[in-house]
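Architecture and fold: a report
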Amino acid sequence: MRFVRTIAGMLALAVGVAVLVAGAGLGIAARHTDADGGFSARFEPVRTPARAVVVTDVDAMLRADLPIVRTGQARLRLTARDAGGPAFLGLAPTDQVRRWLADVPHSTVRRVAVTRGPLPVGLDPATAGVADAVPLGQPFWVRQGVGSLEWSPAEFADRSLSLVVMRPDGAAGLDLEMRGEVRSGWFPGVVWALLAGGTLLVVLAAALLLRPSRPREVVFVVEPDQVPVLAGRLGVSSLSGLGRQPVPPPLPRRQLVAVGAPPAEE
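Residues numbered from 1 in each chain as written. Predicted model: local features only at pLDDT ≥ 70, side-chain atom pairs only at ≥ 80, totals over all residues. Heavy atoms only, no water.

Notes on the pattern of salt bridges
This is how the line gets drawn: Salt-bridge detection follows one rule: a side-chain nitrogen of Lys or Arg within 4 Å of a carboxyl oxygen of Asp or Glu. A run of H or I in DSSP counts as a helix once it spans at least four residues, and a run of E counts as a strand once it spans at least two, with each numbered from the N terminus. Per-residue accessibility, obtained with a 1.4 Å probe over protein chains only, is compared with the maximum for each type, and a residue is labelled buried under 20%, exposed over 50%, and partly exposed between these values.
One pass over the full model with this rule turns up eight salt bridges. Between Arg75 and Glu150 there is a salt bridge, with its nearest N and O atoms 3.1 Å apart. Taken together, the residues span a long stretch of sequence, with Arg75 in strand 4 (residues 75-82) and Glu150 in strand 10 (residues 148-151) at a distance of 75 residues. Judged by relative accessible area, Arg75 falls into the partly exposed class, the value being 35%. With its nearest N and O atoms 4.0 Å apart, the salt bridge here joins Glu150 to Arg77.

Comments concerning empty space enclosed by the protein
For the record, the criterion: Of the grid points, spaced at 1 Å and generated over the protein atoms alone, those admitting a 1.4 Å probe that cannot get out make up cavities, while open sets with protein on both sides within 12 Å along at least five of seven lines make up pockets; any residue with an atom within 4 Å of a point is treated as lining. Grid points are joined across faces, edges and corners, and a volume is the space filled by probe spheres set on the points. Residues are grouped as follows: Ala, Val, Leu, Ile, Met, Phe, Trp, Tyr, Cys and Pro are nonpolar; Asp, Glu, Lys and Arg are charged; every other residue, Gly included, is polar.
All told, the structure shown has one cavity of 30 Å³ or more when counted by the stated rule. The computed volume of the largest cavity comes to approximately 80 Å³. Lining the largest cavity, in full, are Val58, Asp59, Leu62, Leu91, Trp151, Pro153, Phe156, Arg159 and Leu161. Looking at the lining of the largest cavity element by element, the count peaks at three residues for helix 2 (residues 58-65). Here the residues of the lining of the largest cavity sort into seven nonpolar, no polar and two charged.

Side note on the environment of Thr94
Definition in use: In this analysis, two residues are considered to be in contact whenever any of their non-hydrogen atoms come within 4.5 Å of each other.
Along the chain, the position of Thr94 falls in helix 3 (residues 94-100). Remark: the alpha-carbon pair of Thr94 and Asp57, spanning 37 residues in sequence, is separated by 7.0 Å. If we skip the residues at most four places from it in the chain, Thr94 touches Thr56, Ser160, Leu161 and Ser162.

Describing the sheet that holds strand 9 (residues 143-146)
Threshold: Any two strands are treated as partners once DSSP identifies two or more bridges connecting them. To get an axis, fit a line to the C-alpha atoms, keeping to the stretch in contact for a helix; angles then go from 0 to 180 degrees between the N-to-C directions.
Read across the open sheet, the six strands follow the order 8-7-3-11-6-9; overall the sheet is mixed. Of all the strands in the sheet, just strand 8 (121-123) and strand 9 have a single pairing partner and so form its edges. Across the sheet, the mean angle from the axis of one strand to that of its neighbour is 25°, orientation sign disregarded. By the bridge criterion, three bridges tie strand 7 (residues 106-112) to strand 8 in an arrangement that is antiparallel. Bridge pairing links Val109 to Leu123 in strand 8. Where helix 2 meets the sheet, it contacts strand 3 (52-55), strand 6 (88-93), strand 7 and strand 11 (161-166), and its direction lies at approximately 25° from that of strand 7.

Structure representation (structure tokens):
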């Protein structure tokens with residue numbers, strides 16, 4: 001029982017410390033939110049001679065680089081501006097975007113690194129093509145906007161949607177300044193839940209590990225005819241004498257002996 005309690009206490013302590021560290025990390029991150037409770041970041045400038053910049057699978061990129069955005073009621077907002085004014089942003093099924101831009105020069109975003117400061121954007125070279133493409137009025141967009149685009153990633157989780165950024169008139173040559181913002185109403189609640197849960201687990205672990213153990217009691221069950229044998233093995237005359245303190249032998253009686261005799265009378 002003591003062994004089981006020790007193992008359970010060590011597991012509770014390990015999990016509790018990990019939960020506390022996660023809660024503390026999210027608490028530190030929460031101190032960097034904007035006034036409305038969102039996280040915002042600026043992207044590095046995106047420059048390409050192509051007509052469009054495409055994120056092939058938005059959900060796959062979020063799953064790899066920012067999975068927390070795909071849960072709950074989190075909302076993602078992107079703003080984009082070109083040198084000539086606000087840029088067009090649109091979400092559409094990947095297969096339809098691929099067919100639409102098959103002959104249109106476009107650059108594909110390989111990855112967006114989530115780091116401190118401006119977020120680096122890995123961009124593949126522009127594809128060859130001579131066709132024109134005007135995004136406004138296309139029927140396949142599931143979300144679209146000029147200057148900004150906002151949506152809930154959880155709404156389109158596990159769907160293959162592409163993000164397209166280009167000029168509203170489809171002109172070539174892009175010099176984009178982009179910014180992203182994430183808002184999540186459940187973020188403070190998760191922080192407090194992690195801190196409270198971690199504290200409870202650590203307290204439980206301390207109670208299990210520091211609880212004093214009871215002294216063990218050994219009970220012998222023997223047959224009646226084996227009692228003399230067991231008593232002999234234990235060095236007692238009978239089992240009823242177990243636990244008694246041995247009685248010391250009586251001291252010998254002392255006798256007074258005259259040391260010197262008085263002188264004899266003449």
